[in-house]
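# Reading the structure
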Amino acid sequence: MNAGLDRRGWLKAGLASAGALVLGACDKITNSAKGVAVLQSAEGLTRRVQRLVIDRKALAREFRPADISPDFRPNGSTDPQDPDYVAHRKAGFADFRLVVDGLVERPLSLSLADLRAQPSRSQITRHDCVEGWSSIAKWTGARLGPLLDQAGLKPNARYIVFHCGDTLEETTDGTGKYYESIDLIDAYHPQTILAYAMNDRVLPVQHGAPLRLRVERQLGYKQAKYVMRLEAVDDYRKLGRGAGGFWEDRGYEWYAGI
């Protein structure tokens, strides 16, 4: 038997098995800690198998200008009322600074002008929402990889956390503030950008001004809006409720690869 075909068949079977584990555990997740553990292990298996099957640098599909959706539906926060964000918005983000800190050698504080001067990329891609809808838009922004190189990641950095300017849920423990995280594989992917423009115009508030993460090989809830700070960490479990993101803390999978 051809070794390559045999390996490919095994990987496909692994993906199918991971999906079966998820489906089999769904009816238990709300009632069983064991069910949650099964889901978490299946998510990890799916991520590892997908990373083996798909080239880490493989690009998400890009579209033509004619394919851009005439009405890109905004969702989640569309008009944050957090005092710091409101003050920035009223000032036209003139005093905005993106902070890059955590496990870095050279912490950064960058204005929008600084970010526009960074290595950039434009791409027309499809946004796939977990709610079942999709839209296509053109995004332009600073590439995340060169930005992290400028800050100089320390050897123990493993994840990049995106701290955002919007509070989605009032909580006594402060975990209602939106945040998201990705690993360094996705952080250094050529299509991962901090978008400051949408469809050749300044990024609008309802879509995440002044900065929105675009990590094109993952579902929409990973595309954090209103990004204010990047933090390099060795482990995201110490943040929020420990699952790596606002929606992940509420049951979504951390790895939302598509």
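In what follows, the structure referred to is the one given above.
So, a few notes on the structure that sits alongside this text. No experiment lies behind these values; they were computed from the predicted model shown. (Residues numbered from 1 in each chain as written. Predicted model: local features only at pLDDT ≥ 70, side-chain atom pairs only at ≥ 80, totals over all residues. Heavy atoms only, no water.)

## Notes on the environment of Asp 67
Take Asp 67: it is sitting in the loop between helix 2 (33-53) and helix 3 (83-90). The partly exposed category is assigned to Asp 67, whose relative accessible area is 24%. The spatial distance from the C-alpha of Asp 67 to the C-alpha of Ala 137 is 8.2 Å, given a sequence separation of 70 residues. (Helix = DSSP H or I, 4+ residues; strand = E, 2+ residues; numbered from the N terminus. Buried < 20%, exposed > 50% of the residue type's maximum accessible area, 1.4 Å probe, protein only.)

## Some thoughts on the pairing of strand 6 (residues 177-183)
Taking burial as the measure, the 7 residues of strand 6 include 6 buried ones, the bulk of the element. As paired elements, strand 5 (residues 159-167) and strand 6 share 6 bridges and run antiparallel to each other. Bridge assignment links His 163 to a residue of strand 6, and that residue is Tyr 179. (Pairing = 2+ DSSP bridges.)

## Topic: the sheet that holds strand 5
One open sheet holds the 5 strands; their spatial order is 2-1-10-5-6, and the pairing between them is mixed. Whereas interior strands pair on both sides, the edge strands pair on one side only; in this sheet they are strand 2 (108-110) and strand 6. Averaged over all neighbouring strand pairs, the angle between strand axes comes to 20°, with direction disregarded. By the bridge criterion, 4 bridges tie strand 1 (residues 98-102) to strand 10 (residues 227-233) in an arrangement that is parallel. Residue pairing for strand 10: Asp 101 is matched across the bridge by Glu 231. The strands touched by helix 5 (residues 144-151) within the sheet are strand 1, strand 2, strand 5, strand 6 and strand 10, with strand 2 carrying the most contacts at an inclination of about 130°. (Axes fitted to C-alpha atoms, helices over the stretch in contact; angles between N-to-C directions. Contact = heavy atoms within 4.5 Å.)

## With respect to the pairing of strand 1
Along a regular strand, successive side chains alternate from one face of the sheet to the other. Of the pairings in the sheet, the one linking strand 1 to strand 2 comprises 3 bridges and is antiparallel in character. Opposite Leu 98, over in strand 2, you have Leu 110 as the bridge partner.

## Quick word on helix 5
For an α-helix the count is 3.6 residues per turn, leaving residues at separations of three or four pointing the same way. Taken together, the buried positions of helix 5 are Leu 144, Gly 145, Leu 147, Leu 148 and Ala 151. Viewed end-on, helix 5 has its buried residues packed into an arc of 160°, placing them on one side of the element. (Arc of directions from axis to C-beta.)

## Thoughts on the packing of aromatic side chains
Tallied over the full model, the rule gives 11 aromatic pairs. With centroids separated by 5.1 Å and ring planes inclined at 75°, the aromatic side chains of Tyr 85 and Tyr 226 adopt a geometry described as edge-to-face. With Tyr 85 in helix 3 and Tyr 226 in the loop between strand 9 (212-214) and strand 10, this residue pair connects regions lying 141 residues apart in the sequence. In this pair, the class of Tyr 85 matches that of Tyr 226, namely buried. Relative to Tyr 236, the ring of Tyr 159 has its centre 4.9 Å away and its plane inclined at 70°; by these criteria the two rings are edge-to-face. Residue Tyr 159 is found in strand 5, and its partner Tyr 236 is found in the segment after strand 10; the two are separated by 77 residues along the sequence. Taking the relative accessible area as the measure of exposure, Tyr 159 reaches 22% and is therefore partly exposed. Judged by relative accessible area, Tyr 236 falls into the buried class, the value being 15%. Ring pairing ties together the aromatic residues Tyr 178, Tyr 221, Phe 246, Trp 247 and Tyr 252, which thus form one cluster. For the cation-ring pair, Arg 250 lies above Phe 246, with the distance from its terminal atom to the ring centre recorded as 3.8 Å. (Phe/Tyr/Trp six-rings, centres within 6.5 Å; stacked < 30°, edge-to-face > 60°. Lys NZ or Arg CZ within 6 Å of the ring centre and 35° of its normal.)

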